[in-house]
Amino acid sequence: MSCPGNEVRIACVHTTVFTFYNRPDTPRLYSVMGVTGSGKSTFINCASESDLPVGKGLESCTLDAQTSKPFCLNKRMVTLIDTPGFDDTNRKERDVLTHISAYLANTYEQGVKLTGIIYMHRISDARMTGTSRRNFSLFRELCGKDAFKNILIVTNMWRDDDLVVFNERERELATDDKYYKPMLDGGARMVRHDGTPASAKDIISQLINNGEVTLVSQREIVDEHKEFSGTAVGKELTRALKEQAEQYDTELQKLHADLQASTRDKDEQKRQVAQDDLQKKREEIESIKSRIENMEQTFKEEKARLLAIIADMEAEKLTHLERIRDLEKQREERVKQEKQERL
């Protein structure tokens, strides 16, 4: 089956997101996003027969955005983009978000337009933690309301023996304003992935004919020339970091009281523990303040670093596309020769 030249690209994050791009003579792109361990890389490998590294347990594996091998689906060429998880175990939340934002800004500057986004969610998770809700809020600000219609929220890791519990969990995610309801009301859809290649390709097919979409973060950074800290997602990240700093400050006051109590009681062991905890908390607060102050510089450095990485990925993708086209040409020649022989 022949495939036209336009490419579909899909990108992924911890809660996995696939982004589709339209661009002359290139596959469509899907970006997969989601939290660490949500199955982004596994989903991509399942659909594209790629061999992207897959993490074990909840340990992060995807450090930089990476693309799958292009493949043909519904007469369209498709490339999936895997992104680091929002709650990456090796990097701070700010660093992951600046990486994803910088990657999307760079590709948009190069004329790459999104067609769709897939956000992965483990239905096996007993609850959606405060951190998970904050990560999804950042994802929502990254995309913007105009992109909701191009988003699929994909639940995975379903098990037959827990189906009743999982069905109720799915219903809550779809109907509670704290979770995915606002995005679903705005045009996004929630679907199930059963872990098979057929299921993965069926999910991608639901987005493959979508029109182009520009994420709000892309428009703000590239078209409106805003600093990252002044974008919707940058402001949400700053708010979240300040809220975390305030929480730590409250904990710091309690630790200080514990230190004074242990000093009065002349309990040296408790005093040392309280002193260590106090110092650690102070360092965490200073680290948060530093991440807020250096947010813009971090974004600019990451954006510059990714240019070479993106160029290498594009070169590798084009090589694979040429191989696919050569094979297709050989197939067409064989078919033509067989027809002539029958005559």
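Everything numeric in this text was worked out from a predicted model, so none of it was measured. (Residues numbered from 1 in each chain as written. Predicted model: local features only at pLDDT ≥ 70, side-chain atom pairs only at ≥ 80, totals over all residues. Heavy atoms only, no water.)

Engineer: Which residues make up the overall build of the chain, and what values do they have?
Structural biologist: Looking only at helices and strands, the chain has ten helices and ten strands in total. Buried positions account for 49% of the 343 residues belonging to the chain. Of the roughly 16800 Å² that the chain leaves accessible, carbon and sulfur atoms contribute 48%. (Helix = DSSP H or I, 4+ residues; strand = E, 2+ residues; numbered from the N terminus. Buried < 20%, exposed > 50% of the residue type's maximum accessible area, 1.4 Å probe, protein only. Areas by Shrake-Rupley, 256 points an atom, 1.4 Å probe, with all protein chains shown as cover.)

Engineer: Any chance you could break down the packing of helix α2 (residues 93-109) against helix α7 (residues 216-223) for me, citing the residues and the numbers?
Structural biologist: Running from N to C, α2 and α7 point in directions that differ by 65 degrees, and their axes come no closer than 9 Å. Taken as axis vectors, α2 and α7 run roughly perpendicular relative to one another. Crossing of α2 over α7 shows right-handed handedness. Note on element contacts: α7 touches α2 through Q218, I221, V222 and D223, opposite L104, A105, T107, Y108 and E109. (Axes fitted to C-alpha atoms, helices over the stretch in contact; angles between N-to-C directions. Parallel < 35°, antiparallel > 145°, perpendicular 65-115°, else oblique. Left-handed = near helix turned anticlockwise from the far one by under 90°. Contact = heavy atoms within 4.5 Å.)

Engineer: Run through the packing of helix α8 (residues 232-264) against helix α9 (residues 268-293), naming residues and quoting values.
Structural biologist: Viewed as axis vectors pointing N to C, α8 and α9 meet at an angle of 160 degrees, and their least axial separation amounts to 9 Å. With respect to α9, the axis of α8 lies roughly antiparallel. Like other packed secondary-structure pairs, α8 and α9 cross with a definite hand, here left-handed. Its residues assigned to classes, the contact of α8 with α9 shows eleven nonpolar, six polar and eleven charged. (Nonpolar A, V, L, I, M, F, W, Y, C, P; charged D, E, K, R; others polar.)

Engineer: How would you explain the packing of aromatic side chains if you had to name every residue and give the values?
Structural biologist: On inspection of all chains with the given rule, the structure shows seven aromatic pairs. Directly above the ring of W158 sits R192, whose terminal nitrogen or CZ lies 3.8 Å from the centroid. In this structure, K281 packs its charged tip against the face of Y248, placed 4.2 Å from the ring centre. (Phe/Tyr/Trp six-rings, centres within 6.5 Å; stacked < 30°, edge-to-face > 60°. Lys NZ or Arg CZ within 6 Å of the ring centre and 35° of its normal.)

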